[in-house]
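A look at the structure
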Amino acid sequence: MTVTATQPAERTDYGSVTDYAYAALRREIIEGRFAPGRRMREIELASWLGVSRTPTRQALSRLEHEGLVDMRPRTGLVVATMDAAAMEELYEMRGALEGIASAMAARHSSARDIETLVQLVETEPTLPEDASVRYQHNLAFHQAIYQAAHNRFLMKSLQALNDAIALLGPTTMGIEGRFADAHDEHRRIVAAIEARDSETADAEARAHVARGLEVRQRMRAAEPVAQDPL
């Protein structure tokens with residue numbers, strides 16, 4: 001197997017070689033370039049990273065501890081996958097926390113926070129029809145809500161959930177009509193935040209996540225019967 005991914009970041013950006021290897025591999029998983037089920041062969045990853053096998057092994061151990069890779073019998077380490085039940089549990093928790101974040105943003109956001117959210121929503125119709133670009137913009141929008149909530153502990157919880165979303169595979173932003181629907185949903189969330197209506201902001205955010213789950217479920221139902229790609 002040949003590793004095909006973006007070039008790793010500069011090693012000088014990190015405190016140790018292990019930190020560099022961990023950050024580079026984690027980025028490939030979170031951004032979807034290392035897809036769920038992909039084998040994580042230590043020797044090939046070490047070659048791609050340009051480091052020895054020891055820091056690569058240590059980085060993979062950290063990723064396994066976080067649940068981003070797991071050990072598959074007779075195969076070895078692979079990027080973790082998520083079954084339908086786990087996906088529903090993930091979205092249930094995400095809906096609750098996104099609702100709380102939006103409600104907190106309605107109560108605690110500054111004028112600058114709201115200006116950022118409005119600008120992000122207004123930019124959406126101008127984005128190119130590129131799923132990766134739209135995915136990154138969607139992340140930025142949700143990150144802006146988390147910032148506007150001004151609660152560091154909520155932020156950490158939501159970051160962990162969003163990391164897990166990467167294990168579901170391709171973004172929903174590539175599904176026809178989903179980005180336009182998400183734009184309308186984002187607009188309603190921001191309108192509630194701007195109006196300082198925490199109850200409506202909570203409800204709109206939960207509805208937004210619920211619609212995302214519906215799209216995920218349709219995507220999964222349309223997938224061919226899984227074959228072991230390894």
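For the structure given in this document, a descriptive report is provided here. Since the structure is predicted, the reported quantities are computational estimates derived from the model, not experimental observations. (Residues numbered from 1 in each chain as written. Predicted model: local features only at pLDDT ≥ 70, side-chain atom pairs only at ≥ 80, totals over all residues. Heavy atoms only, no water.)

**Brief notes about the packing of aromatic side chains**
Summed over the entire model, instances satisfying the criterion amount to one aromatic pair. The ring of Tyr22 carries Arg62 above its face, with NZ or CZ at 3.9 Å from the centroid. (Phe/Tyr/Trp six-rings, centres within 6.5 Å; stacked < 30°, edge-to-face > 60°. Lys NZ or Arg CZ within 6 Å of the ring centre and 35° of its normal.)

**A few points about the pattern of salt bridges**
Counted under the stated rule, the structure contains 14 salt bridges. Here Glu204 makes a salt bridge to Arg188, at a shortest N to O gap of 3.3 Å. In this pair, Glu204 sits in helix 9 (residues 198-222) while Arg188 sits in helix 8 (residues 178-194), placing the two residues 16 residues apart along the sequence. By sharing partners, the salt bridges in this structure join Arg26, Glu66 and Asp163 into a single network. (Salt bridge = Lys/Arg side-chain N within 4 Å of Asp/Glu carboxyl O. Helix = DSSP H or I, 4+ residues; strand = E, 2+ residues; numbered from the N terminus.)

**Here's the deal with the layout of surface pockets**
To find leftover empty space, a probe the size of one water molecule is rolled over the atoms. For the second largest pocket, the calculated volume is near 210 Å³. The wall of the second largest pocket is formed by 14 residues, among which Ile30, Glu31, Gly32, Tyr135 and Thr171 lie closest to the centre. Residue contributions to the lining of the second largest pocket peak at four residues, all from helix 6 (residues 131-149). (1 Å grid on protein atoms, 1.4 Å probe; cavity = no way out; pocket = protein on both sides within 12 Å on 5 of 7 lines; lining within 4 Å. Points joined across faces, edges and corners; volume = space filled by probe spheres on them.)

**Regarding the environment of Asp181**
Here Asp181 is to be found in helix 8. Judged by relative accessible area, which is 42%, Asp181 ranks as partly exposed. Spatially, the C-alpha atom of Asp181 lies 35 Å from that of Tyr22, the residues being 159 residues apart in sequence. (Buried < 20%, exposed > 50% of the residue type's maximum accessible area, 1.4 Å probe, protein only.)

**So, the packing of helix 5 (residues 111-123) against helix 6**
It is the contact of helix 5 with helix 6, at a shortest axis distance of 10 Å, that shows an interaxial angle of 165°. Here helix 5 is positioned roughly antiparallel relative to helix 6, judged by the angle of their axes. When the axes of helix 5 and helix 6 are compared, the crossing they make is left-handed. Within the contact between the two elements, helix 5 uses Asp113, Thr116, Leu117, Leu120, Val121 and Thr123 and helix 6 uses His137, Ala140, Phe141, Ala144, Ile145 and Ala148. Looking at the contact of helix 5 with helix 6 residue by residue, the class counts come to eight nonpolar, three polar and one charged. (Axes fitted to C-alpha atoms, helices over the stretch in contact; angles between N-to-C directions. Parallel < 35°, antiparallel > 145°, perpendicular 65-115°, else oblique. Left-handed = near helix turned anticlockwise from the far one by under 90°. Contact = heavy atoms within 4.5 Å. Nonpolar A, V, L, I, M, F, W, Y, C, P; charged D, E, K, R; others polar.)

**Comments concerning empty space enclosed by the protein**
The tally for this structure, following the rule as stated, stands at one cavity of 30 Å³ or more. Roughly 220 Å³ of internal volume is contained in the largest cavity. Lining of the largest cavity is provided by 16 residues; of these, Tyr91, Arg94, Asn138, Ile165 and Thr172 occupy positions nearest its centre. Elements with a contribution of two residues or more to the lining of the largest cavity: helix 4 (84-108), helix 6, helix 7 (152-165) and helix 9. By residue class, the composition of the lining of the largest cavity is six nonpolar, seven polar and three charged.

**A word on the packing of helix 1 (residues 17-30) against helix 2 (residues 42-49)**
The interhelical angle for the contact between helix 1 and helix 2, taken along N-to-C directions, is 105°, at an axis separation of 11 Å. Accordingly, the angle class assigned to the pair helix 1 and helix 2 is roughly perpendicular. Here Tyr20, Ala21, Ala24, Leu25 and Glu28 of helix 1 lie close against helix 2, whose contacting residues are Leu45, Trp48 and Leu49. Here the residues of the contact of helix 1 with helix 2 are counted per class, giving seven nonpolar, no polar and one charged.

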